[in-house]
Amino acid sequence: MDAPATFTLSFFRSFTLSLSLMSTPVRVRFAPSPTGPLHIGGVRTALYNYLFARKMGGQMLLRIEDTDQNRFVPGAEEYILEALRWVGIEIDEGQGTGGPHAPYRQSERRDIYQKEARRLVDEGKAYYAFDTAEELDAMRKRLEEANAPAAQYNAITRMQMRNSLTMKADDVRARMEAGEPYVIRLKTPRKEEVRLNDLIRGWVNVHSSAIDDKVLLKSDGLPTYHLANIVDDHLMGITHVIRGEEWLPSAPLHVLLYRYLGWESTMPQFAHLPLLLKPEGNGKLSKRDADLGGFPIFPLQWTDPVTGQVARGFREDGYLPEATINFLALLGWNPGTEQELFTMDELIASFELTQVHKAGARFDIQKAQWFNHQYIRQQPDTALAPAVQQQAEAAGFSCSPEKAEKIAALLKGRVNFAQEIFAEADTIFNAPTSYDEAIATAKWNDDAVKAVTAFRDALIPFDGEFVAETIKHTLSDAMTQAGIKQGKIMQAMRLALTGSGAGPDLMLTMEIIGQDETVKRLEKALDNLKVLKS
RNA sequence: GGCCGAUUCGUCUAGCGGUUAGGACAUCGCCCUUUCACGGCGGUAACACGGGUUCGAUUCCCGUAUCGGUCACCA
C-alpha cells in the first residue's frame, strides 16, 4: 500500500489478483453495441461485471460501442439503459451517467482513436492499406485455391497487397491527399508467442501467425472494436475486462495492441465468460429459440423500428427483476454452497470470478419460472394487489383494493407470474355458468343437495363477520345438525360454488366473494344441478 | 478446415487424489389437504472414451470423440 506501490502493483498484477486489488480500485465496464435490443446474455455479462465491481468496492462503467454506423439502430441505447436500470445494475460512470472520461459513446471519440492509430503507423507498428473489397476477396480466393494454411492478410501476404509497406511514400501521400479511401492495419509480427492469463481459464497461448493484420481504423475514419476497446479501456482506467467467450480468440490480438501502444504494464486482467446456449440442439442462444420456445431472451420487450416486429421481454412476460438476476447469476456461476435464492446484495457478497464455470450453459426457462415463483410468493399482498385490481377492472369487474389484496394472498402461492393470479381468480369473479361433469356425476348426490341446502339456510340469517373462520364454523354446525359428514360433501360444495372440482381454499373463496354471492351461487347450483345417481 | 476453449444426472451445477459423487430445476412416488396446486418427505438419474502418472483417479498429463467459439473495413 505504501511506498513501493507502483512497483509492487505492476509486478504482482499478472500473478496475484488479490494483491493488485488491494492497491488499485477496480474499474470494470459493460460495453454493448446499440445494434438492437440487449440480449439476455449481455445482461448476464453486465451483471457479472457489476457483481465483481461491487464486491471489490470498485466502479462500473457503461460505454456505448457504436463504431459501426451501418448497424446503428435507433432506440437501442435507450433500451440498454432501461434494461440495466430494470434489473438493478447501477452505473457509476459512463453513458447516461457522465463522468471524467466523457464522451462515453465511441462515435464521439474518433479523434482519440485516429491519433493512436497514426501513432502506431509512425512507430512502424501499423500501416496504411488501400486494397478494395474486390482485391481482398481475390486475395482470399487465390490463397484458398492454392491451399494456403490461412487465407488472411498477414506477415506473408501483406507484401503482395496495396499498402504503405509496398508502395512508395510519395504514392501513399498522393493517394491520401486525393481522398482515396484507406484503412490502417496492424503489422502483426510473424513469429511470436502471445500469452494471456485469463482469470477464469488460466493461461492461453496463441502464436502470432494465427493473428492476421486486423483493420484498426476503417475507411470511414472510425475504429474497429479492437482498437477502440483497447484505447478506451486504457484511457478509462479499466482494470478488468469481463466479456463473453466469443472474444477469446481475439484476446491475444488485444494483448499485442496493448504492447504496441506501450500500455502493457497497466493492461487489464481478462475474464472470458461462458456463453448461453440453446435450450436444446446445437449453438448459442438466439432470437429464433425465443420464438420457437415461447419464452423471452430479451430483458424488455422490443419493437423493431423497421419491421415493427415485437420481441417479448422478461419484464413484460411477468418476470420480476429479482428473479431474473437470480436466474442469470446462477447460469454459469455458483458460490459452492447450496443456497439457491440470492438478493443482489447476497450475490455481491458471494460472487467470485474464479468460480465462474468454463463451459457454456444451456438456457432453461423452466428454472427461470421457478425462480419467479419463489419471488412472487414472497411478495407482499399489497405489492401484487394493484395489478390484480387493474386486470379485474379492465375485464369489467369491480374490485376494491382490499378484495384484490385478499385475492393475491389466496393465490400467489399457486402461480409463477403475477398476471396469472387474475386468471386463477376466475371462479371468484365469475359465478359458474357450467359445472364440471365428472365431479357432478361423482359427487352431486342426495347428501350433497341436503348439505348445500342446509348450508344455504344457515347462511341466510347469518349476521356475524363473514370471514373464513366464521364461515367454517357455520358450515360445520350446519353439517352436524343435518347429520352429514363434512368431508363427504366438500367436493360438491366446491362444485356448487365454483363449478369446478379444484381450486384454492374454499372458506377464503367464500369470504372474498361475500355472503350474498355465496348464497346466490348455492341456490343457483340447487336449481341447475340434477342428481344423476343416488 | 485452421486456431482457441470446453466436457459431472435430461438441465443448471458442487467437487479441486481417497466422497454412499452433494444440491437445485424437471420427472416419478408418498404425505399434507375438502379438491387442484403450494409445501414437506423420498425415488429414478451423471463423472464422454482410451492411454498414462499414482498405492489410489471424477479430480493431474497425453491422445480420441463430441460440443462451443472464432477466422469481416460487425461488435
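It should be emphasised that the depicted structure is a prediction, and the values quoted were computed from it without experimental measurement.

Draft legend 1. Highlighting the protein's contact with RNA strand B. As a matter of local geometry, RNA strand B sits amid 58 residues, with R201, K218, N282, A359 and R414 nearest to it. Each atom of RNA strand B within 4 Å of the protein was assigned to sugar, phosphate or base; sugar and phosphate come to 74%. At 3.1 Å from a sugar or linking oxygen of RNA strand B is found a side-chain nitrogen or oxygen belonging to E65. If you list the elements that add at least two residues to the surface near RNA strand B, you get α6 (133–145), β5 (183–186), β7 (202–207), β14 (361–362), α14 (365–378) and α22 (486–498).

Draft legend 2. Looking closely at the confidence of the model for chain A. Predicted confidence across chain A gives a mean pLDDT of 92, with 95% of residues reaching 70 or more. Long-range and interchain partners of residues 1–21, a stretch whose pLDDT sits below 50, account for 22 contacts in this model, where long-range means more than four residues apart. Quick note on the complex model: pTM equals 0.93, ipTM equals 0.96.

Draft legend 3. Expanded view of the side chain of N372. Mapped onto the secondary structure, N372 falls in helix α14. On the basis of relative accessible area, N372 is assigned to the buried category, the value being 0%. Within the local environment of N372, its side chain forms a polar contact with the backbone oxygen of N416, the two atoms lying 2.7 Å apart. For N372, the contacting residues outside a window of four places in its chain are G318, Y319, L320, A323, N416 and F417.

Draft legend 4. Just the packing of helix α20 (residues 446–459) against helix α21 (residues 468–482), in detail. Put simply, α20 and α21 touch, their axes get as near as 9 Å, and they point 125° apart. The pairing of α20 with α21 is recorded here as oblique in orientation. The chirality of how α20 crosses α21 is right-handed. On α21, the residues touching K450, A451, A454, F455, A458 and L459 of α20 are I471, T474, L475, A478, M479 and A482.

Draft legend 5. Structural view of helix α12 (residues 321–329). Taken across its 9 residues, α12 has 7 buried, putting it largely inside the fold. Listed in full, the buried residues belonging to α12 are A323, T324, I325, N326, F327, L328 and A329. Looking at the buried positions of α12, the neighbouring elements they touch are α3 (40–55), α4 (76–87), α11 (314–317), α13 (344–350) and α14.

Draft legend 6. Focus on the pattern of salt bridges. Summed over the entire model, instances satisfying the criterion amount to 38 salt bridges. Between D232 and R109 there is a salt bridge; the shortest N-O distance is 2.9 Å. Taken together, the residues span a long stretch of sequence, with D232 in helix α8 (residues 225–235) and R109 in the loop between β3 (93–94) and α5 (110–122) at a distance of 123 residues. Of the residues examined, D232 reaches a relative accessible area of 0% and is grouped as buried. Each of the salt bridges in this network shares a partner with another, and the network as a whole consists of R29, R63, E65, R109, D232 and D233.

Draft legend 7. Molecular detail of the packing of aromatic side chains. Counted by the stated rule, this structure contains 18 aromatic pairs. On the basis of an interplanar angle of 50° and a centroid distance of 6.0 Å, the ring pair of F130 and Y182 is categorised as tilted. Taken as a pair, F130 in the loop between β4 (126–129) and α6 and Y182 in the loop between α7 (169–177) and β5 lie far apart in primary sequence, 52 residues in all. Judged by relative accessible area, F130 falls into the buried class, the value being 2%. Relative accessible area serves as the criterion here: at 18%, Y182 is assigned to the buried category. Between W333 and F351 the ring centres are 5.4 Å apart and the planes differ by 40°, which places this aromatic pair in the tilted class.

Draft legend 8. Quick peek at unusual backbone geometry. Between A102 and the following residue, P103, the backbone shows a cis peptide bond with an omega angle of 0°. Relative to the elements of secondary structure, P103 occurs in the loop between β3 and α5.

Draft legend 9. Representation of the pairing of strand β2 (residues 59–62). As defined by bridge partners, strand β1 (residues 27–30) adjoins β2 across 4 bridges and the pair is classed as parallel. By the bridge assignment for β2, R29 is matched with L61. In this fold, β1 hands off to α3, which returns the chain to β2; that crossover is right-handed. Two elements, β2 and β3, share 2 bridges in a ladder whose sense is parallel. When the sheet's bridge partners are listed, L62 is paired in β3 with G94.

Parameters and conventions
Residues numbered from 1 in each chain as written. Chains lettered and ligands numbered in written order. Predicted model: local features only at pLDDT ≥ 70, side-chain atom pairs only at ≥ 80, totals over all residues. Heavy atoms only, no water. Near = heavy atom within 4 Å. Polar contact = N/O pair within 3.5 Å; in protein donor to acceptor, adjacent residues only side chain to side chain. Helix = DSSP H or I, 4+ residues; strand = E, 2+ residues; numbered from the N terminus. pLDDT = per-residue confidence, 0-100. Contact = heavy atoms within 4.5 Å. Buried < 20%, exposed > 50% of the residue type's maximum accessible area, 1.4 Å probe, protein only. Axes fitted to C-alpha atoms, helices over the stretch in contact; angles between N-to-C directions. Parallel < 35°, antiparallel > 145°, perpendicular 65-115°, else oblique. Left-handed = near helix turned anticlockwise from the far one by under 90°. Salt bridge = Lys/Arg side-chain N within 4 Å of Asp/Glu carboxyl O. Phe/Tyr/Trp six-rings, centres within 6.5 Å; stacked < 30°, edge-to-face > 60°. Pairing = 2+ DSSP bridges. Right-handed = clockwise from strand over helix to strand, strands pointing away.

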